[in-house]
Amino acid sequence: MLRSCTAALRTLRALRGRREGASPAARDPVLARRWFSTEKVIPKDHALPNPSWSKDLRLLFDQFMKKCEDGSWERLPSYKNSKLVKEQLSQAQLFTRGYEDGLGFEYVIFYNDDEKRTVCLFQGGPYLQGVPGFLHGGAIATMIDAAVGMCAAIPGGIVMTANLNINFKRPIPLCSVVVINSQLDKIEGRKLFLSCTVRSADEKILYSEATGLFIKLDPEKSLI
Ligand SMILES: CCCCCCCC(=O)SCCNC(=O)CCNC(=O)[C@H](O)C(C)(C)COP(=O)(O)OP(=O)(O)OC[C@H]1O[C@@H](n2cnc3c(N)ncnc32)[C@H](O)[C@@H]1OP(=O)(O)O
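Residues numbered from 1 in each chain as written. Predicted model: local features only at pLDDT ≥ 70, side-chain atom pairs only at ≥ 80, totals over all residues. Heavy atoms only, no water.

The name an unreviewed UniProt entry gives the protein is Acyl-coenzyme A thioesterase THEM4, with Phocoena sinus as the organism. Its UniProt record, at the heading Sequence similarities (unreviewed entry), says of the protein: "Belongs to the THEM4/THEM5 thioesterase family." (UniProt positions renumbered as here; feature names shortened; annotations may be inferred.)

Encoded structure:
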């Protein structure tokens, strides 16, 4: 835990160092290209190990990759940018992927189609702090929404969260690894009912429980 936090903070210090002087885009040619040009950026899969991942996260990741070998589980790749964003929103990023490696949401989601469930391995970095030393409740809710939402989106297509009900039972230590198990319980027309638990990596601590209602969007209806 300490090592992954240290790695994340090293990145943070490096970024702070660069922050003095001109605007970020002026100092960073890569950033400037991303913000101001229409040049195509090759997407990077962020649901793969990086140096900020703790030993616990690597271990769980390797275990699930093994489960993928017989095809019962599938690792879901993840990108920062939606393919659907319009040109003028080219700097838009998926909320959970908008941080430098290790500082925010580090996670990977695995899907089991037979059981209609996902397992999300999540390490919340130092930028997600709430009460000192622990994850912010909003960050936990975000990660639950993303994990449960993915479990709904695979069978449901384009879905949105209509209701999310969370019981926070124990605080989650910052930079620790948790396992979010999500399950599709029922489908009624366009409504998908799901539930999830958030547990410690060794499954001994139940941190949170949640239920969610996701609605498959009606292509005939406008969102605004
Ligand atoms: C893949 C990546 C995953 C990412 C996960 C992140 C997902 C998100 O964060 S989404 C952002 C947060 N959510 C939102 O902004 C959604 C805002 N809400 C809306 O836009 C709309 O209410 C929306 C789209 C959910 C539903 O609207 P609409 O398609 O018109 O559905 P509507 O006809 O009103 O309702 C359909 C059914 O759902 C029920 N329903 C809708 N909302 C609710 C609710 N909050 N509680 C209970 N039931 C509800 C209705 O009663 C109706 O039931 P029935 O079919 O039995 O009559």
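We are not done yet, so read on.
Draft legend 1. Spatial organisation of the UniProt feature "domain: Thioesterase" (unreviewed entry) in the protein. UniProt records the feature "domain: Thioesterase" (unreviewed entry) at residues 133-204, using the numbering of this structure. Split by type, residues 133-204 is 28% helix and 44% strand. Its first and last C-alpha atoms lie 20 Å apart. (Helix = DSSP H or I, 4+ residues; strand = E, 2+ residues; numbered from the N terminus.)

Draft legend 2. Representation of unusual backbone geometry. A positive phi angle is found at Lys-116, which is not glycine, with a value near 50 degrees. For Lys-116, the location among the structural elements is in the loop between strand E2 (105-112) and strand E3 (117-124). Given a relative accessible area of 29%, Lys-116 falls into the partly exposed group. Positioned with a positive phi, Glu-203 is a non-glycine residue whose angle comes to about 70 degrees. Within the element layout of this structure, Glu-203 appears in the loop between strand E6 (191-200) and strand E7 (206-216). (Buried < 20%, exposed > 50% of the residue type's maximum accessible area, 1.4 Å probe, protein only.)

Draft legend 3. Quick look at the sheet that holds E6. Read across the sheet, 7 strands follow the order E1-E2-E3-E5-E6-E7-E4 without closing on themselves; strand pairing throughout is antiparallel. Each having just a single partner strand, strand E1 (74-76) and strand E4 (159-168) make up the two edges of the open sheet. Strand-to-strand, the axes of this sheet are offset by a mean angle of 25 degrees, without reference to chain direction. Relative to E7, E4 is paired through 9 bridges, and the arrangement is antiparallel. Looking at E7, one finds that Ile-166 is bridged to Ala-210. Contacts between helix H4 (residues 55-68) and the sheet are confined to E1, E2, E3 and strand E5 (177-188), with E3 contributing the most and set at about 160 degrees to the helix. Set on the sheet, helix H5 (residues 137-156) makes contact with E1, E2, E3, E4, E5, E6 and E7; between it and E4 the angle comes to about 135 degrees. (Pairing = 2+ DSSP bridges. Axes fitted to C-alpha atoms, helices over the stretch in contact; angles between N-to-C directions. Contact = heavy atoms within 4.5 Å.)

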